[in-house]
Amino acid sequence: MATFSRRETLLGGAGVLGALAGNALARSQSPISSGTHSPIPFGAAVRPALLGSDADYTRAILTYCNQIVAEGGFLFVDLHPQRKEFRFDEADRVSAFALANGLGLRGHTLVWYGVMPPWTEEISSAAEAERELERHIETVVSRYGSSIRSWNVVNEALRDDAKRGSDLRPLIWQRRLGADYIAIALRAARATDPSAELVLNEYDIEFVGDRFRGKRAAFCELVHTLLDQGVPLDAIGLQGHLKGDLDIDKEGLGAFVSEMRKAGLKILVTELDVVDNQLPADLRMRDVEVALRAKDFLAAIAAEAPLSALLAWGISDRFTWVPMYFKRSDGLPNRPLPLDAEYKPKPLMQIVDRVRYGV
Ligand code: 9MR
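These figures come from a predicted structure and were not determined experimentally.

Thresholds applied
- Residues numbered from 1 in each chain as written.
- Predicted model: local features only at pLDDT ≥ 70, side-chain atom pairs only at ≥ 80, totals over all residues.
- Heavy atoms only, no water.
- Helix = DSSP H or I, 4+ residues; strand = E, 2+ residues; numbered from the N terminus.
- Buried < 20%, exposed > 50% of the residue type's maximum accessible area, 1.4 Å probe, protein only.
- Contact = heavy atoms within 4.5 Å.
- Areas by Shrake-Rupley, 256 points an atom, 1.4 Å probe, with all protein chains shown as cover.
- Near = heavy atom within 4 Å.
- Polar contact = N/O pair within 3.5 Å; in protein donor to acceptor, adjacent residues only side chain to side chain.
- Nonpolar A, V, L, I, M, F, W, Y, C, P; charged D, E, K, R; others polar.
- pLDDT = per-residue confidence, 0-100.
- Axes fitted to C-alpha atoms, helices over the stretch in contact; angles between N-to-C directions.
- Left-handed = near helix turned anticlockwise from the far one by under 90°.
- Salt bridge = Lys/Arg side-chain N within 4 Å of Asp/Glu carboxyl O.
- Parallel < 35°, antiparallel > 145°, perpendicular 65-115°, else oblique.

Pulling in residues and values, what's your account of the overall build of the protein?
Scanning the protein from N- to C-terminus turns up 14 helices and nine strands. The burial tally for the protein puts 58% of its 359 residues in the buried class. In the protein, the share of contacts with a sequence separation of at least 24, taken over all contacts with a separation of at least 6, comes to 80%. When the accessible surface of the protein is split by element, carbon and sulfur atoms take 52% of a total near 14200 Å².

Structural data, given as structure tokens:
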């Protein structure tokens, strides 16, 4: 079970941040929020194959996290590779690990364009699509109800260049059902587990620039359209795959979060990491820049709403998706996560702690 007693030790190390980068970090020592709330649950995406089999990795998860989400194992292609075949072995292992260790578990994800098995392309009508989508959601949500209390129901619904809520990515459900597939998915999840938290999860909401402003506006419009139709939706997940070379639009992000709160939704950060391929080679400078980028992002959110959960997309730089797409040209390993490849906490972990404990 995660320990909140780490608070004193880690916060006591706040001076380390300042020592690393002088003025830039000294400026960052201002409180992120009031300090009066209970700690924000923190967690990380886990790789099912490492859980329980890699001792250092497992220890890090148990030391730092009070909730987890599976990086893979609960995706459509993992759980439902053939029309008539569900496979639960990986997901069951993650769920059993969470239950055995008293960790919360988030569900990722019921709908995502990125991970569809070929058989779904045979779905040829709206009625068939609705039936298969509902069957998938009912089967998966009912199986994990005892461990998963919060689901990413639809992941990355919007196109990268979205400006309107109707600018949806194509995937089989969208092609057969139109925009209704989102409402169908949310309603099926609510009907199967009325008390689970239902989340729409998105990325590229937080940066400065027209494309990101457009996507924020599109996300707001999509959410309002759903709520106006009485569709069940509890929370917004901001993935938080930050870029070391892109500034956070603090005002725009703050206004977005405030609007979501006014609409009655909770806010989660679901996949925090900082892509560092454009940052300096110097490790200490790089780690500080990573931490400051996360601080800008988290502080802008925390100024407008309490975070109901904060999850990083991995715990240690040893295991991260980032080099798949963002390898550094100097050949140095990426350092996007709170612990380094040897499981030592980095400045990003201090920022996480300051946000969690509100100091
Ligand atoms: O980190 C995940 C990587 O291991 C997988 O290969 C990939 C495709 O399934 O998905 C990665 O995670 C993504 C997440 O599911 C959704 N948001 C973006 C993440 C990074 O690409």
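More follows now that the structure is in view.
Lay out the site of the ligand with the relevant residues and their values.
In the vicinity of the ligand lie 13 residues, with E71, H108, E156, E271 and W313 positioned nearest. Side-chain polar atom of Q239 to a nitrogen atom of the ligand: 3.3 Å apart, as the coordinates give it. Residue W313 places a side-chain N or O atom 2.9 Å away from an oxygen atom belonging to the ligand. Protein coverage of the free-state accessible area of the ligand, which is 460 Å², stands at 77%. Its residues assigned to classes, the shell around the ligand shows six nonpolar, four polar and three charged.

Which residues make up the confidence of the model for the protein, and what are the values?
Taken over all residues, the pLDDT of the protein has a mean of 92, while the share at 70 or more is 90%. In this model residues 1–35 is a low-confidence stretch, pLDDT under 50, and it forms 63 contacts with partners more than four residues away in sequence or in other chains.

I'd like a description of the packing of helix 7 (residues 126–143) against helix 9 (residues 180–192), backed by residues and values.
A pair of packed helices can be characterised by two numbers: the angle between their axes and the separation between those axes. Between helix 7 and helix 9, the shortest axis-to-axis distance is 9 Å and the interhelical angle comes to 35°. By crossing handedness, the relation of helix 7 to helix 9 is classed as right-handed. Between helix 7 and helix 9, the contacting residues are E130, L133, E134, I137, E138, V141 and S142 on the first element and Y181, I184, A185, A188, A189 and T192 on the second. Residues of the contact of helix 7 with helix 9, tallied by class, amount to eight nonpolar, two polar and three charged.

Lay out the pattern of salt bridges in plain terms, naming residues and giving numbers.
On inspection of all chains with the given rule, the structure shows 27 salt bridges. When the shortest N-O distance is used, the salt bridge between E121 and R175 registers 2.7 Å. With E121 in the loop between strand 3 (104–112) and helix 7 and R175 in helix 8 (residues 172–177), this pair connects stretches of sequence that are 54 residues apart. By relative accessible area, which is 40% here, R175 ends up partly exposed. Its salt-bridge partner being R164, residue E221 comes within 3.0 Å of it at the nearest N-O pair. Of the two residues, E221 is situated in helix 10 (residues 210–228) and R164 in the loop between strand 4 (148–155) and helix 8; the sequence distance between them amounts to 57 residues. Accessibility expressed as a relative area gives 28% for E221, which makes it partly exposed. Judged by its relative accessible area of 47%, R164 is partly exposed. One network of salt bridges, in which partners are shared, links R83, E122, E128, E132 and R135.

Summarise the environment of D249; cite the residues concerned and give the values.
The topology assignment puts D249 in the loop between strand 7 (241–243) and helix 11 (250–262). On the basis of relative accessible area, D249 is assigned to the buried category, the value being 16%. Distance from D249 to I205, taken between C-alpha atoms, is 9.0 Å for residues 44 residues apart in sequence. Contact partners of D249, with chain neighbours within four places excluded, come to E206, F207, V208 and R216. In this structure the side chain of D249 is engaged in a polar contact, spanning 2.8 Å, whose partner is the backbone nitrogen of G252.

Any details on unusual backbone geometry? Residues and values, ideally.
Of note, the amide linkage connecting H108 to T109 takes the cis form, showing an omega dihedral of 5°. Its location among the elements puts T109 in strand 3. Notably, E156 is not glycine yet its phi reads approximately 55°, a positive angle. Its place among the elements puts E156 in the loop between strand 4 and helix 8. Exposure remark for E156: the relative accessible area of 9% places this residue in the buried category. Phi is positive for Y343, which is not a glycine, with a value near 70°. Among the secondary structure elements, Y343 is positioned in the loop between helix 13 (322–326) and helix 14 (347–357).

Break down the packing of helix 12 (residues 283–302) against helix 14 for me, with residues and values.
Viewed as axis vectors pointing N to C, helix 12 and helix 14 meet at an angle of 20°, and their least axial separation amounts to 8 Å. When the axes of helix 12 and helix 14 are compared, the pair comes out roughly parallel. Where helix 12 crosses over helix 14, the handedness of that crossing is right-handed. On the side of helix 12, the interface is formed by D287, V288, V290, A291, A294, K295 and L298, while helix 14 contributes P347, L348, I351, R354 and V355. In the contact of helix 12 with helix 14, the residues fall into nine nonpolar, no polar and three charged.

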